[in-house]
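These are the residues of each chain, in order.
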Amino acid sequence: DINKKYIYIYNTIESLSIKQKKIIQKIYNKNRKTILEIPSIDYKIKGGYVHQVYNVLLLFNRVNNNKFDKDLIITGILLKYIGLLKSFDSNNPNIPNKNSFKDVKIFSLDIISTFLKSSKKNLINNLKNIIISNKNYQEAMYVEYLFKIERLSNKSIEWKYFMFKFRINQTGLICGYY
């Protein structure tokens, strides 16, 4: 049920450090109704965004190896595709296709800029790197791979049946399953 998944997401937001929690609460509280309805890029169904974020958070909790700032990774998961809010019109859904990914990322950056104060420049830069999937930024690649694994696993069988191994090298995150 979509409401239970949203509650799980909101409880995850509550567990974050105060600086990230306040920002995400503002975004999610202001847009709750829309967040519950919008599809995602991969789940073109009502509530697809919540479904995907929920799955990625579950995956992260399963594979978290504490090599990165947990709050930053969770914040990145919660905000990476928040730009879908600007891609959605309740009268005429206009969800971008895979070729319009750039638009969603630009919208995500715009939403984050609106809610973050310039005094949080370090957090803004970290989130920008995550949203644009900066290959030179390990946290960005970690979040990107979590979403990729979630996408792949839902195309074959449910990811909960896989055990994932992760290791970090200079080029980013390498993953495999066994």
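Structure first, text after, so check above.
The structure displayed is predicted, hence computed values, not measured ones.

Visitor: Would you explain the overall build of the protein chain in this entry?
Guide: Across its full length, the protein chain holds eight helices and two strands. The order of helices and strands in the protein chain, counted from the N terminus, is α-α-α-α-α-α-α-α-β-β. In the protein chain, which comprises 178 residues, the proportion classed as buried is 51%. Contacts spanning at least 24 positions in sequence make up 62% of the contacts within the protein chain whose residues lie at least 6 apart. Here the protein chain has roughly 9600 Å² of accessible surface; of this, 50% comes from carbon and sulfur atoms.

Visitor: So what exactly am I meant to see when it comes to the side chain of Asn129 here?
Guide: Along the chain, Asn129 turns up in helix H7 (residues 121–131). Overall, the relative accessible area of 18% leaves Asn129 in the buried class. In contact with Asn129, not counting residues within four places along its chain, are Asn134, Tyr137 and Ala140.

Visitor: What am I meant to see in the side chain of His51 here?
Guide: Here His51 shows up in helix H4 (residues 48–63). Within polar-contact distance, the side chain of His51 engages the side chain of Lys5 at 2.6 Å.

Visitor: What exactly am I supposed to notice about the packing of helix H5 (residues 70–79) against H7 here?
Guide: Two quantities define a packed helix pair, namely the angle between the axes and the distance from one axis to the other. Two elements in contact, H5 and H7, have axes whose closest approach is 10 Å; the angle formed by their N-to-C orientations is 55 degrees. With respect to their mutual orientation, H5 and H7 come out oblique. Of the two possible hands of crossing, H5 and H7 adopt the one that is right-handed. In this structure, H5 uses Leu72, Thr75, Gly76 and Leu79 to contact H7, whose residues at the interface are Leu123, Asn126, Leu127, Ile130 and Ile131.

Visitor: Is there a simple way to explain the packing of H4 against H5 in this structure?
Guide: Between H4 and H5, the least distance of the axes is 10 Å, while the angle of their chain directions is 160 degrees. One element, H4, and the other, H5, form an angle in the roughly antiparallel class. Crossing hand, H4 versus H5: right-handed. Across the interface between the two elements, Tyr49, Val53, Val56, Leu57 and Phe60 of H4 pack against Lys70, Ile73, Ile74, Ile77 and Leu78 of H5. Residues of the contact of H4 with H5, tallied by class, amount to nine nonpolar, no polar and one charged.

Visitor: How should helix H1 (residues 2–14) be read in this particular structure?
Guide: Think of an α-helix as 3.6 residues a turn; residues three or four steps apart then line up on the same face. Given a rise of 1.5 Å per residue, 13 residues ought to cover 18 Å, and the 18 Å separating the end C-alpha atoms of H1 matches this to within 8%. Taken as a whole, H1 has its buried residues at Lys5, Tyr6, Ile9, Tyr10, Thr12 and Ile13. Across the axial projection of H1, the buried residues extend over an arc of 155 degrees, all falling on one side. Contacts made by the buried residues of H1 are with helix H2 (18–30), helix H3 (32–37), H4 and H5. If you check the start of H1, you find a side-chain oxygen 2.6 Å away from the backbone N of Asn3, and it comes from Asp1.

What counts and what doesn't
- Residues numbered from 1 in each chain as written.
- Predicted model: local features only at pLDDT ≥ 70, side-chain atom pairs only at ≥ 80, totals over all residues.
- Heavy atoms only, no water.
- Helix = DSSP H or I, 4+ residues; strand = E, 2+ residues; numbered from the N terminus.
- Buried < 20%, exposed > 50% of the residue type's maximum accessible area, 1.4 Å probe, protein only.
- Contact = heavy atoms within 4.5 Å.
- Areas by Shrake-Rupley, 256 points an atom, 1.4 Å probe, with all protein chains shown as cover.
- Polar contact = N/O pair within 3.5 Å; in protein donor to acceptor, adjacent residues only side chain to side chain.
- Axes fitted to C-alpha atoms, helices over the stretch in contact; angles between N-to-C directions.
- Parallel < 35°, antiparallel > 145°, perpendicular 65-115°, else oblique.
- Left-handed = near helix turned anticlockwise from the far one by under 90°.
- Nonpolar A, V, L, I, M, F, W, Y, C, P; charged D, E, K, R; others polar.
- Expected span 1.5 Å × (residues − 1).
- Arc of directions from axis to C-beta.

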